[in-house]
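Below are the chains, spelled out letter by letter.
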Amino acid sequence: MRKPLMAGNWKMYKTPAETASFFEKFLPLVANSPHCDVLICPPFVDIAAAVAAAKGSSVAVGGQNLYWSTKEGAFTGEVSGPMLKAAGCASVIIGHSERRQYFGETDETVLKRTLAALESGLQPIVCVGERLEEREAGRTNAVLETQFRDGISKLTPEQFAKVVIAYEPVWAIGTGKTATPEMAADAHRALRALVQGAYGKDAAAAVRILYGGSVKPDNVKGLMAQPEIDGALVGGASLEAVSFASIVNF
Ligand code: PEP
């Protein structure tokens, strides 16, 4: 059985003070939620506040990106895996569609960042997903195949075993348009088949594949009813404690 993971991606929202008050409300609401792993990925400047606030709880903290050099150096504006690890992060989101759309992220840089995360002892949450025009052209599975082939299929089996995949159809992110549970499950099945082809049956059965794209308290149950869906990567609805807690406690 794969333990569900509910991960909140705070994007560029919240200050350290707002982070502390989120945790104050959120932690009691998820204190009895052993059925799933819970992760909050705040902006870099909020990580210290989140780690301090989450201390003693089962809620983990992660980054939203990292640079691919694991050595310190002259890379203005970047944050490394060892820095995230030292700050108390357990995981890091890699290849979010907003990074791909606005900041030039490619499958090649996704792979480099994934390797850096693994080298730093961080769990990479690697995002893949098609754009609207690709879905409308019937190219969803082809897009997923390319993103997988040019990205995480190049890891060793030992490295791959530490990866979480997030299927995030770009047209569903921040738009209020959710993939139906069946659409999401179809894409997850396609991804699991790719994993099986590259790494074998056991790896395919073990890998957690999250769905992301306008997950809300009122649609999470339907999504999680699909055995293929192992949790959610949640943007907007993770910013408010009661809302994200009801997603965790689906
Ligand atoms: C995300 O940021 O990964 C995301 C899925 O956002 P939202 O839930 O707001 O669509």
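See the structure printed just above.
Residues numbered from 1 in each chain as written. Predicted model: local features only at pLDDT ≥ 70, side-chain atom pairs only at ≥ 80, totals over all residues. Heavy atoms only, no water.

*Asks:* Sorry, what's going on with the overall build of the protein here?
*Replies:* What the protein contains, in helices and strands, is 12 helices and eight strands. Here the C-alpha atoms of the protein give a radius of gyration of 17 Å, agreeing with the 18 Å that 2.2 N^0.38 yields for 250 residues. A principal-axis box enclosing the C-alpha atoms of the protein has dimensions of 45 × 45 × 35 Å. Within the protein, buried positions represent 53% of all 250 residues. (Helix = DSSP H or I, 4+ residues; strand = E, 2+ residues; numbered from the N terminus. Rg over C-alpha atoms; globule rule 2.2 N^0.38 Å. Buried < 20%, exposed > 50% of the residue type's maximum accessible area, 1.4 Å probe, protein only.)

*Asks:* What should I look at first to understand the layout of surface pockets in this one?
*Replies:* In this approach the atoms are scanned with a rolling probe the size of a water molecule, which exposes any empty space left behind. Estimated volume of the largest pocket: approximately 680 Å³. What lines the largest pocket is a set of 23 residues, among which Lys11, Met12, Gln64, Arg99 and Phe103 lie closest to the centre. Going through the elements one at a time, α4 (97–102) and α5 (107–119) are the ones with two or more residues in the lining of the largest pocket. Element by element, the count of residues in the lining of the largest pocket is highest for α4, at three residues. Across the lining of the largest pocket, the residue classes tally to nine nonpolar, seven polar and seven charged. Taken as a whole, the second largest pocket encloses approximately 240 Å³ of empty space. In terms of lining, the second largest pocket is formed by 15 residues, of which the most central are Arg100, Gly129, Arg131, Glu134 and Gln147. Among the secondary structure elements, those contributing two or more residues to the lining of the second largest pocket are α4 and α7 (140–150). (1 Å grid on protein atoms, 1.4 Å probe; cavity = no way out; pocket = protein on both sides within 12 Å on 5 of 7 lines; lining within 4 Å. Points joined across faces, edges and corners; volume = space filled by probe spheres on them. Nonpolar A, V, L, I, M, F, W, Y, C, P; charged D, E, K, R; others polar.)

*Asks:* How do you make sense of unusual backbone geometry when you look at a structure like this?
*Replies:* Leaving glycine out, the prevailing phi sign among residues is negative, and the prevailing peptide bond configuration is trans. Phi is positive for Lys11, close to 50°, though the residue is something other than glycine. Inspection of the secondary structure assignment puts Lys11 in the loop between β1 (5–9) and α1 (16–29). Phi at Lys14 is positive, roughly 85°, even though this residue is not glycine. Mapped onto the secondary structure, Lys14 falls in the loop between β1 and α1.

*Asks:* Help me understand the pattern of salt bridges in this model?
*Replies:* Note that side chains of opposite charge can pair when their charged atoms are close. What the rule picks out here adds up to 13 salt bridges. The salt bridge involving Arg135 is made with Glu130; its shortest N-O contact spans 2.7 Å. With relative accessibility at 0%, the residue Glu130 sits in the buried group. The partner of Arg149 in a salt bridge is Asp150, and the shortest N-O contact between them spans 3.0 Å. Through salt bridges with shared partners, a single network forms among Arg2, Arg192, Glu228 and Asp230. (Salt bridge = Lys/Arg side-chain N within 4 Å of Asp/Glu carboxyl O.)

*Asks:* What is the right way to read the pairing of strand β3 (residues 59–63) from this model?
*Replies:* For a regular strand, the rule is simple: side chains alternate between the two faces of the sheet. By the criterion of burial, β3 is predominantly enclosed, with four of the five residues buried. Summarising the sheet, strand β2 (residues 37–41) and β3 pair through three bridges and their orientation is parallel. Residue pairing in the sheet places Ile40 in a bridge with Val61 of β3. Handedness of the crossover joining β2 and β3 through helix α2 (residues 47–54): right-handed. (Pairing = 2+ DSSP bridges. Right-handed = clockwise from strand over helix to strand, strands pointing away.)

It is worth stressing that arrangement in space is one thing and function is another; only the former is reported here.
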